[in-house]
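Listed here are the chains, written in short residue letters.
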There are 2 protein chains.
Amino acid sequence: MDDVLKFIQRRRSIRQYQKGAEVSEGQVETLLRAAMSAPSAGNQQPWHFIVVRDRAKLEAIMQIHPYAGMLKTASLAVVVCGDLSNESFNRYWAQDCAAATQNLLLAAANSGLGTCWCGVHPRPEREEGFRKLFALPGNIAPFAVIAVGVPAEQKAPADYYDPARIHSETW
Amino acid sequence: MDDVLKFIQRRRSIRQYQKGAEVSEGQVETLLRAAMSAPSAGNQQPWHFIVVRDRAKLEAIMQIHPYAGMLKTASLAVVVCGDLSNESFNRYWAQDCAAATQNLLLAAANSGLGTCWCGVHPRPEREEGFRKLFALPGNIAPFAVIAVGVPAEQKAPADYYDPARIHSETW
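Only a predicted model underlies this, so the values are computations on that prediction, with no experimental measurement involved.

### Observations regarding the overall build of chain A
Item 1. On a plain count of helices and strands, chain A comes out with 5 helices and 5 strands.
Item 2. Tracing chain A from N to C terminus, the helices and strands come up as α-α-β-α-β-α-β-α-β-β.
Item 3. Over its C-alpha trace chain A gives a radius of gyration of 17 Å, about what one expects of a compact globule, namely 16 Å for 171 residues.
Item 4. Expressed along its principal axes, the backbone C-alpha trace of chain A runs to roughly 45 × 45 × 30 Å.

What follows is the structure, given as structure tokens:
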């Protein structure tokens, strides 16, 4: 049980990365493989991932997103998107993408990488900026942008446990 | 890296449980501790959890939710709820609850337990049913119900990796 919590609590939001550090294609593949192992409504797996290493594009993201300044030192960003085409299940697309994102963050933290989840959906001005920057088709919605890099800051495992959030049988 | 994926891919949707099997309070605490270790917008941790063991209440959930039949053999359910009070961050409440839910599922799978995530939000008829059944205050929204039990079915690790979902630099 202790190991289970260690795995999960190792994930912290990291905003300082070793500038220029290499994150290999193999490492990125592991993160995306983890992301795609998430559950989704009707197992429809509505997610897509844009891997961004180009510094000009990372700069452009920082122009759109007011809290993505950590991309300055990140090795790359992953833009998580959802495909809204499936009318039976698309009401759940953001939850599905959130579960995939959480898997990605956990895989990164347990592979020695740092990440920071920056929300895009449901803020229209950010969504519009990402749509244009990445030439997204109409059925594809930007969900979030994840900074990925080699940590240049250390954070202790997080434990936000609060018994006041637990209710028995009813509210 | 292999171990990282093993941890994440061990989670599968389990719908058959050993009827009457004990899931201890300590095990439930570990699951909720994992859930509360998720990231959230502005670190506002908008989640609440109702632990339901009462069979009459579990039956009532099955009356509201058409796809929660696996609760018949589950040891308990966790109803994940979000607190919408914080106007600066409440647009992200469902994503935050999804990340917490994913942590809970991963902790369960790696503790020998099985789970199944049943969506409630954003289906008005299910939300209304849960609101009434659990006497939720107006600022609290039901997000999902998670069945928890000791598995009575085995599933191999999931690997849904699909390179077609990965894009480089742009769509």
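### Looking at the packing of helix 2 (residues 25-35) of chain B against helix 4 (residues 93-109) of chain B
Residue and element names in this part refer to chain B.
Item 1. Two elements in contact, helix 2 and helix 4, have axes whose closest approach is 7 Å; the angle formed by their N-to-C orientations is 140°. Between helix 2 and helix 4, the interaxial angle falls into the category oblique. Between helix 2 and helix 4 lies a crossing whose hand is right-handed. Contacts between helix 2 and helix 4 involve Leu 31, Leu 32, Ala 34 and Ala 35 from the former and Ala 100, Asn 103, Leu 104, Ala 107 and Ala 108 from the latter.
Item 2. Taken together, the residues of the contact of helix 2 with helix 4 sort by class into 8 nonpolar, 1 polar and no charged.

### Looking at the interface of chain A and chain B
Item 1. Tallying the contact residues gives 69 residues for chain A and 69 residues for chain B.
Item 2. Of the roughly 6,200 Å² buried between chain A and chain B, counting both surfaces, carbon and sulfur atoms make up 60%.
Item 3. In terms of surface lost to chain B, no three residues of chain A exceed Arg 165, Glu 169 and Trp 171 of chain A, which account for 14% of the buried area on that side.
Item 4. Along the contact surface separating chain A from chain B lie 2 salt bridges.
Item 5. A salt bridge links Arg 33 of chain A to Asp 159 of chain B; its shortest N-O distance comes to 2.8 Å.
Item 6. For the interface between chain A and chain B, the tally reads 36 residue pairs in polar contact (both at pLDDT 80 or more).
Item 7. Looking at the side of chain A that touches chain B, the elements with two or more residues in it are helix 1 (2-9), helix 2 (25-35), strand 1 (47-52), helix 4 (93-109), strand 3 (114-119), helix 5 (124-133), strand 4 (140-149) and strand 5 (166-168) of chain A.
Item 8. For the side of chain A that touches chain B, the class distribution of residues is 37 nonpolar, 19 polar and 13 charged.
Item 9. Where strand 5 of chain A and strand 1 (residues 47-52) of chain B come together, 3 bridges link them in parallel fashion. Residue Ile 166 of chain A lies in a different strand from strand 1 of chain B, and its bridge partner there is Phe 49 of chain B.

### A short note on the sheet that holds strand 2 (residues 76-83) of chain B
Item 1. Taken together, 5 strands build an open sheet; the order of strands is 5(A)-1(B)-2(B)-4(B)-3(B) and the sheet is mixed. Each edge of the sheet is formed by a strand with only one pairing partner; in this case those strands are strand 5 of chain A together with strand 3 (114-119) of chain B. Strand-to-strand twist in this sheet, taken as the mean axis angle between neighbours without regard to direction, amounts to 25°.
Item 2. With 8 bridges connecting them, strand 2 of chain B and strand 4 (residues 140-149) of chain B associate as antiparallel partners. If you follow Val 79 of chain B over to strand 4 of chain B, its bridge partner there is Val 145 of chain B.

### Here's the deal with unusual backbone geometry
Residues and elements named next belong to chain A.
Item 1. A cis geometry characterises the amide bond from His 121 onward to Pro 122, with omega recorded as 0°.
Item 2. Mapped onto the elements, Pro 122 comes out in the loop between strand 3 and helix 5.
Item 3. Non-glycine residue Glu 169 carries a positive phi angle of around 70°.

The rules behind these values
Residues numbered from 1 in each chain as written. Chains lettered and ligands numbered in written order. Predicted model: local features only at pLDDT ≥ 70, side-chain atom pairs only at ≥ 80, totals over all residues. Heavy atoms only, no water. Helix = DSSP H or I, 4+ residues; strand = E, 2+ residues; numbered from the N terminus. Rg over C-alpha atoms; globule rule 2.2 N^0.38 Å. Axes fitted to C-alpha atoms, helices over the stretch in contact; angles between N-to-C directions. Parallel < 35°, antiparallel > 145°, perpendicular 65-115°, else oblique. Left-handed = near helix turned anticlockwise from the far one by under 90°. Contact = heavy atoms within 4.5 Å. Nonpolar A, V, L, I, M, F, W, Y, C, P; charged D, E, K, R; others polar. Buried area = accessible area lost by both parts, 1.4 Å probe. Salt bridge = Lys/Arg side-chain N within 4 Å of Asp/Glu carboxyl O. Polar contact = N/O pair within 3.5 Å; in protein donor to acceptor, adjacent residues only side chain to side chain. Pairing = 2+ DSSP bridges.

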